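The primary structure of each chain is shown beneath.
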Amino acid sequence: MDLNAFITAEQITPEVKSKTDTLPLDGVTVAVKDNISTAGVRTTCGSAMLSDYVPPYDATVVERLKQAGATIVGKANMDEFGMGGTTETSAYGPTKNPVDTGHVPGGSSGGSAAAVASGAADVALGSDTGGSVRNPAAFCGVVGIKPTYGLVSRYGLIAYANSLEQIGPIASTVQEAAELLDVIAGPDPHDATTRFDNGETSISRVDPIDSDSDSNTQTETVSSHPATTKTYAAAADGDVSGMTVGVVTDLLDGADDRVVETFHTVIADLESQGVEIVEVSLDSLEHAVQAYYVIAMSEASSNLARFDGVRYGPGGGPAETANETTQDIDANDGNWNDSFAAVRDVGFGEEVKRRILLGTYALSAGYHDKYYEKAQDAREWVKQDFETAFETADVLATPTMPVLPPAIGESLEDPLKLYLMDANTVPVNLANLPAVSVPAGEVDGLPVGFQVIGPAFAEEIIIRTAAAVEWRWFFSVPANVFVLIYGDNYDRKAIVGSGGRENLRVFSWIVRHHSVSLDSDSSNPYCQIGGCKTDTW
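One structure accompanies this document, and this report is about it. Source: prediction; values computed, not measured. (Residues numbered from 1 in each chain as written. Predicted model: local features only at pLDDT ≥ 70, side-chain atom pairs only at ≥ 80, totals over all residues. Heavy atoms only, no water.)

**Remarks on the overall build of the protein**
Right, so step 1: Broken down by element type, the protein carries 15 helices and 13 strands.
Right, so step 2: Burial statistics for the protein: of 537 residues in total, 59% are counted as buried.
Right, so step 3: When contacts within the protein are restricted to residue pairs at least 6 apart in sequence, long-range pairs at least 24 apart make up 73% of them.
Right, so step 4: When the accessible surface of the protein is split by element, carbon and sulfur atoms take 47% of a total near 20900 Å². (Helix = DSSP H or I, 4+ residues; strand = E, 2+ residues; numbered from the N terminus. Buried < 20%, exposed > 50% of the residue type's maximum accessible area, 1.4 Å probe, protein only. Contact = heavy atoms within 4.5 Å. Areas by Shrake-Rupley, 256 points an atom, 1.4 Å probe, with all protein chains shown as cover.)

Right, dumping it as structure tokens:
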């Protein structure tokens with residue numbers, strides 16, 4: 001099944017110091033989104049503008065993958081420069097959703113999510129500017145984490161909107177996503193947003209066990225990067241008893257009724273696990289989408305000015321895309337402005353052009369105060385509303401996406417509808433908070449995601465909550481599956497504990513596809529992952 005999940009399928013081997021090294025990602029295959037620089041391997045950002053660009057250096061996250069023993073299997077398809085939510089704006093053609101190939105995989109990290117969901121890669125890296133990790137994770141039925149701004153280095157990430165975007169992991173399970181986060185998180189001298197060495201940085205710390213305090217959320221001053229003292233994978237224990245989860249009611253209005261019903265089913269299950277459920281309302285969310293797009297498009301207008309056909313672009317020759325070879329452009333015909341415009345007309349797709357034009361307009365003289373400055377004011381309002389909400393709840397919960405995955409071609413007809421689809425994810429980026437999307441169920445055979453949002457640098461608590469949601473999936477595996485494999489006497493938690501990551505990957509696949517025959521069949525992904533009718537994985 002050709003999903004078009006990769007733009008460039010090229011293996012990058014790990015950096016192994018010695019045969020005795022114990023590496024956290026030894027034997028793990030990783031798909032890397034094509035806006036993350038890889039030395040010697042072309043990085044296109046899904047655009048004809050960069051069809052022949054080969055970075056001379058690795059992004060920090062790529063260096064860390066290689067040092068951890070991971071094998072990179074290719075550069076994943078994406079919406080052009082990250083601008084889109086369906087992976088249909090790629091110059092190299094759309095990616096198909098492996099759950100249903102007639103539907104989109106989400107975006108802009110759709111290739112990364114599709115690679116994980118189809119088994120083409122164990123885990124993947126995406127980037128999240130307004131939901132671009134969580135959106136495709138929800139639509140493809142996998143797990144996606146958007147870290148707090150500054151937790152993961154952005155060095156080597158080709159910029160779309162600097163103040164909003166973060167690199168994040170995508171995986172089949174919460175445990176795997178957290179293990180990948182452990183590898184890529186941490187300070188980086190190449191990225192000042194990861195610096196915490198001035199002793200003046202305040203972050204939120206959540207202690208759900210401290211029931212004697214008036215507020216479970218506390219602020220502390222740190223002098224080192226939060227990731228240096230934490231192991232995020234250890235938080236994936238699903239122990240949520242005593243926690244308070246706030247349901248953001250504003251983000252349920254207008255959502256598909258079937259999505260809301262699935263969301264409430266998960267909320268009820270969390271409540272049965274000892275979680276207190278409260279309702280919260282954030283008035284600022286009414287303006288979040290508008291503020292996000294003004295800020296993101298303005299930053300994109302500035303960032304993409306470098307693509308001029310002189311340093312980058314098709315000015316020096318033809319550029320190969322999925323559908324055609326672009327025309328040669330002579331950048332030295334005497335009129336630089338005309339050449340600049342011609343290069344960008346050919347090198348950029350329609351959605352990128354639209355966002356550059358709108359961003360340039362918002363930053364232009366006479367309109368800066370009217371649009372950009374007001375958007376920044378709204379952003380601050382969103383941040384304040386989240387801070388207030390975390391005074392009453394440890395984490396917040398929403399559906400990841402308010403709709404089911406659209407059919408391929410459906411969303412491109414109405415850009416405004418596409419932008420509004422981001423309503424549940426963009427507030428997190430405006431506030432620079434962490435969030436995770438975990439599978440919540442299916443409607444008409446299409447996945448629904450459950451989003452958990454935490455205070456800044458509280459990745460541990462969102463991972464713990466997501467793991468509790470995931471355990472709900474695990475315990476819904478039909479009993480006959482376990483009897484078939486292990487006999488009448490089995491302990492589900494013990495089975496996962498003894499088999500670790502591989503067992504949970506197998507079971508997570510079974511839960512999503514438990515109507516599929518369990519007979520030995522090489523085309524059955526269950527057999528490919530773990531083997532059929534066998535005592536070992």
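There's plenty left to go through after this.
**Examining helix H9 (residues 368-389)**
Right, so step 1: Taking 1.5 Å as the rise per residue, H9 with 22 residues should run 32 Å; its terminal C-alpha atoms sit 31 Å apart, in good agreement.
Right, so step 2: Of the positions making up H9, those classed as buried are Tyr-372, Ala-375, Ala-378, Arg-379, Val-382, Asp-385, Phe-386 and Ala-389.
Right, so step 3: On its buried face, H9 is in contact with helix H6 (288-303), helix H8 (350-363), strand S11 (395-399), helix H11 (426-430) and strand S13 (446-453). (Expected span 1.5 Å × (residues − 1).)

**Let's talk about the sheet that holds strand S9 (residues 244-248)**
Right, so step 1: The 11 strands lie next to each other as S1-S3-S2-S4-S6-S5-S12-S13-S11-S9-S10, forming an open sheet whose pairing is mixed. For this open sheet the edge positions go to strand S1 (6-8) and strand S10 (276-280), each flanked by a neighbour on one side alone. For this sheet the average axis-to-axis angle between neighbouring strands, irrespective of direction, equals 35 degrees.
Right, so step 2: Note: S1 against strand S3 (residues 71-76), 2 bridges, orientation antiparallel. Looking across to S3, one finds that Phe-6 is bridged to Ala-76.
Right, so step 3: Sheet strands touched by helix H4 (residues 174-184): strand S4 (123-128), strand S5 (143-146), strand S6 (166-171) and strand S12 (435-443). Its angle to S6, the strand with the most contacts, is close to 145 degrees.
Right, so step 4: Contacts from helix H5 (residues 257-272) reach S9, S10, S11, S12 and S13, with the element oriented near 55 degrees to S13. (Pairing = 2+ DSSP bridges. Axes fitted to C-alpha atoms, helices over the stretch in contact; angles between N-to-C directions.)

**Quick notes on the pairing of S9**
Right, so step 1: Within S9, 5 of the 5 residues are buried, which leaves the element mostly enclosed by the surrounding structure.
Right, so step 2: Alternating positions in S9 separate into two faces, Thr-244, Gly-246 and Val-248 on one and Val-245 and Val-247 on the other, with burial throughout.
Right, so step 3: Pairing of S9 with S10, which is carried by 5 bridges, proceeds in the parallel orientation. The residue of S10 that forms the bridge with Val-245 is Ile-277.

**Quick notes on unusual backbone geometry**
Right, so step 1: With an omega dihedral of 5 degrees, the bond running from Gly-107 to Ser-108 counts as a cis peptide bond.
Right, so step 2: Within the secondary structure, Ser-108 sits in the loop between S3 and helix H2 (110-118).
Right, so step 3: Within the chain, Phe-81 stands out as a residue other than glycine whose phi angle is a positive 55 degrees.
Right, so step 4: Tracing the backbone shows Phe-81 in the loop between S3 and H2.
Right, so step 5: One non-glycine residue, Thr-87, lies in the positive phi region at around 60 degrees.
Right, so step 6: By the element assignment, Thr-87 lies in the loop between S3 and H2.

**Re the environment of Arg-354**
Right, so step 1: By the element assignment, Arg-354 lies in helix H8.
Right, so step 2: Distance from Arg-354 to Met-297, taken between C-alpha atoms, is 9.0 Å for residues 57 residues apart in sequence.
Right, so step 3: The contacts of Arg-354, once residues within four sequence positions are left out, are Pro-415 and Tyr-419.

**With respect to the packing of aromatic side chains**
Right, so step 1: Summed over the entire model, instances satisfying the criterion amount to 13 aromatic pairs.
Right, so step 2: Ring centres of Phe-307 and Phe-348 lie 6.4 Å apart, and the angle between their planes is 85 degrees; this geometry places the pair in the edge-to-face category. Within this pair, whereas Phe-307 is found in the loop between H6 and helix H7 (336-347), its partner Phe-348 is found in the loop between H7 and H8, the two being separated by 41 residues in sequence. Here Phe-307 and Phe-348 have matching classes, each one buried.
Right, so step 3: Between the aromatic rings of Tyr-367 and Tyr-371, the centroid separation amounts to 6.1 Å while the plane-to-plane angle is 20 degrees, which identifies the pairing as stacked.
Right, so step 4: Relative accessible area serves as the criterion here: at 29%, Tyr-371 is assigned to the partly exposed category.
Right, so step 5: Through pairs of rings, three or more aromatic residues link up here, namely Tyr-53, Phe-81, Phe-307, Tyr-312 and Phe-348. (Phe/Tyr/Trp six-rings, centres within 6.5 Å; stacked < 30°, edge-to-face > 60°.)

**What about the pattern of salt bridges?**
Right, so step 1: Taken as a whole, this structure holds 15 salt bridges when the rule is applied.
Right, so step 2: Taking the shortest distance from any N to any O, the salt bridge between Arg-258 and Asp-444 comes out at 2.7 Å. Of the two residues, Arg-258 sits in helix H5 while Asp-444 sits in the loop between S12 and S13, which places them 186 residues apart along the sequence.
Right, so step 3: On the basis of relative accessibility, which here comes to 35%, the residue Arg-258 falls in the partly exposed class.
Right, so step 4: We note a salt bridge from Lys-417 to Glu-410, for which the minimum N-O separation is 3.7 Å.
Right, so step 5: Linked through salt bridges whose partners overlap, the residues forming this network are Glu-15, Asp-58 and Lys-66. (Salt bridge = Lys/Arg side-chain N within 4 Å of Asp/Glu carboxyl O.)

**Here we look at the packing of H6 against H8**
Right, so step 1: At a closest axis distance of 7 Å, the pairing of H6 and H8 adopts a crossing angle of 100 degrees. Between H6 and H8, the crossing angle belongs to the class labelled roughly perpendicular. Each of Tyr-293, Val-294, Met-297, Ser-298 and Ser-301 in H6 lies in contact with H8, whose residues at this interface are Arg-355, Ile-356, Leu-358, Gly-359, Thr-360, Ala-362 and Leu-363.
Right, so step 2: Classifying every residue of the contact of H6 with H8 by side-chain character gives 7 nonpolar, 4 polar and 1 charged. (Parallel < 35°, antiparallel > 145°, perpendicular 65-115°, else oblique. Nonpolar A, V, L, I, M, F, W, Y, C, P; charged D, E, K, R; others polar.)

**Quick word on H7**
Right, so step 1: In a regular helix each residue adds 1.5 Å, so 12 residues correspond to 16 Å; H7 covers 16 Å between its end C-alpha atoms and thus fits that length.
Right, so step 2: Against H8 lie the buried residues of H7.

**What to know about the environment of Ile-408**
Right, so step 1: By secondary structure assignment, the location of Ile-408 is in the loop between S11 and helix H10 (415-420).
Right, so step 2: Considered as a pair, Ile-408 and Glu-88 are 320 residues apart in the sequence and their alpha carbons are 7.8 Å apart.
Right, so step 3: Residues in contact with Ile-408, not counting those within four places in the same chain, are Glu-88, Thr-95, Lys-96, Thr-101, Gly-102, His-103 and Val-104.

**Focus: the side chain of Thr-8**
Right, so step 1: When you line up the elements, Thr-8 lands in strand S1.
Right, so step 2: Reaching out from Thr-8, the side chain makes a polar contact with the side chain of Arg-42 at a distance of 2.9 Å.
Right, so step 3: Ignoring sequence-local partners within four residues, the contact set of Thr-8 consists of Val-41, Arg-42, Gly-74 and Lys-75. (Polar contact = N/O pair within 3.5 Å; in protein donor to acceptor, adjacent residues only side chain to side chain.)

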